[in-house]
Amino acid sequence: MELFLLSNGKLSGESELLGYAKERIQAMLQAKNIRSAVLIPYALIRSDYDARANELSQALGIKVDSIHHAENSAEAIASAECILISGGNTWMLNQLLHENSLIVPIQRAVRERNVPYIGWSAGCNVAMPSIRTTNDMPVRNSVVLPSLGLFPVQINPHYIDAHLSGHMGETRDERIAEFCAVNPSESVLALREGSLLQVSGNNLSYFSAKGQGFKVFRHGQETQEYQDTQEIQSLVPFNCL
């Protein structure tokens, strides 16, 4: 299995999409001789699907086609060399994955054919067992929580632990702690901007363009911050099948 789970698509001040992860992604693409990818852009609400595909094609140096042009979406996934899932609204993305019957085709492509999966923000969220730890608003009345389940632990992308002056609502830490209180058997990995988790085979690695760590939230335990994924191997039982 080959997964790239990115907190976000761009760093502040960075013009190129996936720029901070480009070296790692391109190394994988070259090693696997990948020349093309299928983009699933359903999370985009106020952006153009084809514009996003062109942006990714230029950034990664491969041919990227948006799945909305395919006559048969499932067949497009079945023949894909690589799957890209854009950020945007997680609820919209997950709903359309289900409505277009793409959950099982993506699972089979990634698990059985070892097709690389690259998802950022919302695309990271839907790789988890469910989208319960997204930061997004449920913009549609019809809501589906289960997602692809490619990665076995919940992730909170765009994690921030800054305290805004005058903000009286719950902090992100408090929100995640609430999730863990309701789901005491589950853990949450919090990824800051410019960071990613990479699964290659049965190996899990972490990268931060800013040199920052990731946090692990567990009910009844002190929140820990790590730079090394060896510390969380017991939480992430590989292989991810």
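Coordinates for the structure precede this section.
This text gives an overview of the structure that appears in the document. This one's a predicted model, so the numbers in the text were calculated from it and none came from an experiment.

The rules behind each value
Residues numbered from 1 in each chain as written. Predicted model: local features only at pLDDT ≥ 70, side-chain atom pairs only at ≥ 80, totals over all residues. Heavy atoms only, no water. Pairing = 2+ DSSP bridges. Helix = DSSP H or I, 4+ residues; strand = E, 2+ residues; numbered from the N terminus. Axes fitted to C-alpha atoms, helices over the stretch in contact; angles between N-to-C directions. Buried < 20%, exposed > 50% of the residue type's maximum accessible area, 1.4 Å probe, protein only. Polar contact = N/O pair within 3.5 Å; in protein donor to acceptor, adjacent residues only side chain to side chain. Contact = heavy atoms within 4.5 Å.

**Remarks on the sheet that holds strand β10 (residues 214-218)**
Point 1. With mixed pairing, 4 strands are arranged side by side in an open sheet as β6-β7-β10-β11. Here the strands that pair on one side only, and so sit at the sheet edges, are β6 (154-159) and β11 (224-226). Neighbour-to-neighbour, the strand axes of this sheet turn through a mean angle of 25 degrees, independent of strand direction.
Point 2. The pairing of β6 with strand β7 (residues 187-192) spans 4 bridges and is parallel.

**Topic: the pairing of strand β8 (residues 195-200)**
Point 1. Buried residues dominate β8, accounting for 5 of its 6 residues.
Point 2. The pairing of strand β1 (residues 2-6) with β8 spans 5 bridges and is classified as antiparallel. Paired with Glu 2 across the strands is Ser 200, a residue of β8.
Point 3. Inspection of the sheet shows β8 paired to strand β9 (residues 203-208) by 6 bridges, in the antiparallel sense. Bridge assignment links Ser 200 to a residue of β9, and that residue is Asn 203.

**Description of the side chain of Ser 66**
Point 1. Looking at the element boundaries, Ser 66 is found in strand β3 (residues 63-66).
Point 2. There is a polar contact of 2.5 Å between the side chain of Ser 66 and the side chain of His 68.
Point 3. Among all residues touching Ser 66, those that are not within four sequence positions of it are Leu 39, Pro 41, Tyr 49, Asp 50 and Ala 53.

**Focus on the environment of Ala 78**
Point 1. On the secondary structure map, Ala 78 appears in helix α3 (residues 73-78).
Point 2. Residue class for Ala 78 comes out partly exposed when judged on its relative accessible area of 48%.
Point 3. For the pair Ala 78 and Arg 108, spaced 30 residues apart in the sequence, the C-alpha separation amounts to 8.3 Å.

**Here's the deal with the environment of Val 216**
Point 1. Along the chain, the position of Val 216 falls in strand β10.
Point 2. Look at Val 216 and you get buried, because its relative accessible area is 0%.
Point 3. As for Val 216 and Gly 88, which are separated by 128 residues in sequence, their C-alpha atoms are 24 Å apart.
Point 4. Not counting chain neighbours up to four residues away, the residues in contact with Val 216 comprise Val 188, Leu 189, Thr 223, Gln 224, Tyr 226, Ile 232 and Leu 235.

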